Amino acid sequence: MSNIHVTSEIKTLKKVLLHRPGDELLNLTPDTLGELLFDDIPDLAEAQLEHDRFAQILRDNGVEVVYLEDLMAETLDAHPEIKEKFLDQWLEESGVHTAVYHKIIKDFLAKFKNNKELVLKTMAGITFSELGEIHTNFLVDRIETASHLLVNPMPNLYFTRDPFASVGNGAVINRMYSVTRNRETIYADYIFKYHPEFAGNVPDLYGRNNHFHIEGGDVLNVNEKLLFIGISQRTQAEAIQDLAMKMFYENEGNKIETILAFNIPNSRAFMHLDTVFTQIDTDAFTIHPGIMGTLQVFAITKDAAKHDVKIEEHTGKLEEILAKFMGLPKVRLFPCGAGDALAAEREQWNDGSNTLTIAPGKIIVYKRNYVTNKYLKENGFTVLELEASNLCVGRGGPRCMSMPLIRED
Ligand SMILES: NC(=[NH2+])NCCC[C@H](N)C(=O)O
C-alpha cells in the first residue's frame, strides 16, 4: 500500500507536504533575484508567519501537515549510511567540483550533528564568511565581482508543488527547467527511496535524470484516469509524451488513460498551468483570460497496436472540451479578475487563479486578490483567505506552496 494517494484536484485533502521558508531567503540579493526566480526579497520573519498561518488553515480544516525538512531529516536518521552519498551528490549538483572546496564544506557541515539542522543548511546555502576559521585563502572570494556564496541557496523550496507531483499512488519526480531548482528534487528522490514510511511503495513515474523538463505546477490530477498537463515555460511537450509512454506502458499500477496537454504562453507570469488554471469544484475552474487567445488543447491516449501514443488536437469552446473529457454535462469557468481585464492581470500576477482546493468548492487563496475572491464568494464557493504579501514575491500561491500526499477518493 503506497503512502501517496492522489486521484483528484478537489476531493478532501487529508495530508499535504509543505516547506517552511528558511534562511535560504536571507541569501537572496538584488543581483541574484533573476537567476533564483524571485521578483523581490521577502522579509523572512514575516514570510514565516504567513506560512505558519497557511499551515494553520490547513490543520484547522483537518489536513495533516508534514514538512519536507522533517521527512528528509527522518530519512537520514533512519539511514545514517546514506548521509555521505547525499552530501556528495548535493555538493556535486551545487557545482562544487574542486576537491579543496568539497573538503572545506564537508568539514564545515560535520559540525551539524542534528540532521534537521544539516538538511536546513543544505537548503539555505553557504556563504564564504560563515566558513569562519575553515575559510582560508580564496582568490575567488577576493575579486570584486565575487559572489558571497560558496553554495547557492534553494529559495524556491517552499513551492513544494513543483519538484515532484503525486499522481495516483506514485510520484512524478521531475527534471526541472532551471539550474536553481534542479537540486530541489534530490530531497524527494531520497525520501521516496529511503524514508521508512515511503521506501519501496512510491514508484517514480518519470525520473529526475530525464533529459526533458517538467514541473509539478503543470500537473493537474482530474481523476484516476485523466491528467491535465501544461506545456509551458517549465514543461516541454517532449516531457509529456515521455511521461505518457511511461505511464501507459511501464507502470502497471498507474491508471491514467488520457493526458490533456494545454499549450499556454511561455512567460514568467504564466510559468506553470496552475498559475492560470486550477480546479475548484467538480465542474468548476478558475482561469486567467490571458491564456485564451492562443490556448491549444491536445489529447494524448494509448495506441496499443503501435506501442505508441495517439495525439489529437481539440478545438472549440474550452468548457465543452473539458466537459467532454471529464464526462460532465457542463463545466463552469471563473475568470480571474471577474471579467475586468486590468484586475485580471494584476491579480493573476499575485496568484489570483492559483487556488488550493481542500474539498469540493472549498479553496485557499491569497486575501489580496479582492476582485477575484469576491466573485468566487458570490458564486457560492467557501473562500479561505490567507493574508500574505511576502510569500507572493516568489511568484507562487497556495497551490504552488503545497503538495498533496493523500486525498480522499
Ligand atoms: N506551481 C507554481 N506555480 N509554482 C510557482 C513557482 C515560483 C518560483 N519562483 C519559480 O519561478 O519556479
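Residues numbered from 1 in each chain as written. Predicted model: local features only at pLDDT ≥ 70, side-chain atom pairs only at ≥ 80, totals over all residues. Heavy atoms only, no water.

A. Quick look at helix H11 (residues 341–349). Residues Ala343, Ala344, Glu347 and Gln348 constitute the buried set of H11. Taken down its axis, H11 places every buried residue within 120° of arc, on the same side. In this structure, H11 carries Ala341, Leu342 and Glu345 as exposed residues pointing more than 90 degrees from its buried face. Residue Asp340 occupies the N-cap position of H11, its side-chain oxygen lying 2.9 Å from the main-chain nitrogen of Leu342. Looking one or two residues beyond H11, the residue adopting positive phi is Asp351, at roughly 65°. (Buried < 20%, exposed > 50% of the residue type's maximum accessible area, 1.4 Å probe, protein only. Helix = DSSP H or I, 4+ residues; strand = E, 2+ residues; numbered from the N terminus. Arc of directions from axis to C-beta. Polar contact = N/O pair within 3.5 Å; in protein donor to acceptor, adjacent residues only side chain to side chain.)

B. Broad picture of the site of the ligand. Around the ligand sit 16 residues in total, of which Asn156, Asp162, Arg234, Asp274 and Gly394 are the nearest. Leu37 places a polar main-chain atom, nitrogen or oxygen, 2.9 Å from a nitrogen atom of the ligand. With respect to the ligand, the side chain of His272 contributes an N or O atom lying 3.0 Å from a nitrogen atom. For the ligand, whose unbound accessible area comes to 350 Å², protein coverage reaches 100%. The residue makeup of the shell around the ligand, split by class, is four nonpolar, five polar and seven charged. (Near = heavy atom within 4 Å. Areas by Shrake-Rupley, 256 points an atom, 1.4 Å probe, with all protein chains shown as cover. Nonpolar A, V, L, I, M, F, W, Y, C, P; charged D, E, K, R; others polar.)

C. Seen up close, the side chain of His213. Relative to the helices and strands, His213 is located in the loop between helix H8 (185–194) and strand E7 (219–223). Residues within four places of His213 in sequence aside, it is in contact with Arg175, Met176, Tyr177, Gln233, Arg234, Thr235, Gln236 and Ala239. (Contact = heavy atoms within 4.5 Å.)

D. Up close: the sheet that holds strand E10 (residues 277–281). Pairing is mixed across the open sheet formed by three strands, whose spatial order is E10-E11-E14. The open sheet has two free edges, formed respectively by E10 and strand E14 (332–335), since each of these has just one partner strand. When the angles between neighbouring strand axes are averaged without regard to direction, this sheet yields 30°. Bridge count between strand E11 (residues 284–287) and E14: four bridges; the pairing is parallel. Residue pairing for E14: Phe285 is matched across the bridge by Leu333. Strands in contact with helix H12 (residues 370–378) are E10, E11 and E14; relative to E14, the strand with the most contacts, it is inclined by about 150°. (Pairing = 2+ DSSP bridges. Axes fitted to C-alpha atoms, helices over the stretch in contact; angles between N-to-C directions.)

E. The environment of Asp40, seen in detail. The topology assignment puts Asp40 in the loop between strand E1 (13–18) and helix H1 (44–60). Residues in contact with Asp40, not counting those within four places in the same chain, are Leu28, Leu33 and Val393.

F. Focus on the side chain of Thr185. Summarising the element assignment, Thr185 is placed in helix H8. With relative accessibility at 0%, the residue Thr185 sits in the buried group. Beyond its immediate stretch of four places on either side in the chain, Thr185 contacts Pro163, Ile173, Asn174, Met176 and Arg208.

G. Layout of the nonpolar core. By size, the foremost hydrophobic cluster in this structure holds 65 residues, and its most contacted members are Trp90, Tyr187, Phe192 and Met247. Looking at which domains feed residues into this core, each of domain 1 (48–66 + 155–407) and domain 2 (68–151) gives three or more. Apart from the residues lying within four places of it in its own chain, the contact partners of Tyr187 are Leu68, Met72, Phe86, Trp90, Val119, Thr122, Met123, Met154 and Leu157. With 31 residues, the next largest nonpolar core counts Val65, Ile358, Ile364 and Ala388 among its residues. (Core = buried A, V, L, I, M, F, W, Y, C linked by side-chain atoms within 4.5 Å. Domains from an automatic or database assignment.)

H. How the structure looks around the UniProt feature "active site" (unreviewed entry) in the protein chain. Annotation from UniProt places "active site" (unreviewed entry) at Cys400. Relative to the helices and strands, Cys400 is located in the loop between strand E17 (382–386) and strand E18 (403–407). Here Cys400 is in contact with Tyr158, Phe159, Thr160, Arg161, Asp274, Asp351 and Asn354, once residues within four sequence places are set aside. (UniProt positions renumbered as here; feature names shortened; annotations may be inferred.)

I. Here's a closer look at the domain arrangement of the protein chain. As far as domains go, the protein chain holds domain 1 (48–66 + 155–407) and domain 2 (68–151). The straight-line distance from the C-alpha centre of domain 1 to that of domain 2 is 32 Å. The interface of domain 1 with domain 2 comprises 12 residues on the first partner and 18 residues on the second. Across the domain 1 to domain 2 interface the summed buried area is about 1,700 Å²; carbon plus sulfur atoms make up 67%. There are one salt bridge connecting domain 1 and domain 2. Linking domain 1 with domain 2 are seven residue pairs in polar contact (both at pLDDT 80 or more), by the criterion used here. Top contributing element to the side of domain 1 that touches domain 2 by residue count: H8, with five residues. (Buried area = accessible area lost by both parts, 1.4 Å probe. Salt bridge = Lys/Arg side-chain N within 4 Å of Asp/Glu carboxyl O.)

J. Molecular detail of the packing of helix H3 (residues 83–93) against helix H4 (residues 99–109). Put simply, H3 and H4 touch, their axes get as near as 11 Å, and they point 130° apart. With respect to their mutual orientation, H3 and H4 come out oblique. The handedness of the crossing between H3 and H4 is right-handed. Along its contact with H3, which presents Glu84, Leu87, Asp88, Trp90, Leu91 and Glu92, the element H4 presents His102, Ile105, Lys106 and Leu109. Of the residues contributing to the contact of H3 with H4, the split by class is five nonpolar, one polar and four charged. (Parallel < 35°, antiparallel > 145°, perpendicular 65-115°, else oblique. Left-handed = near helix turned anticlockwise from the far one by under 90°.)

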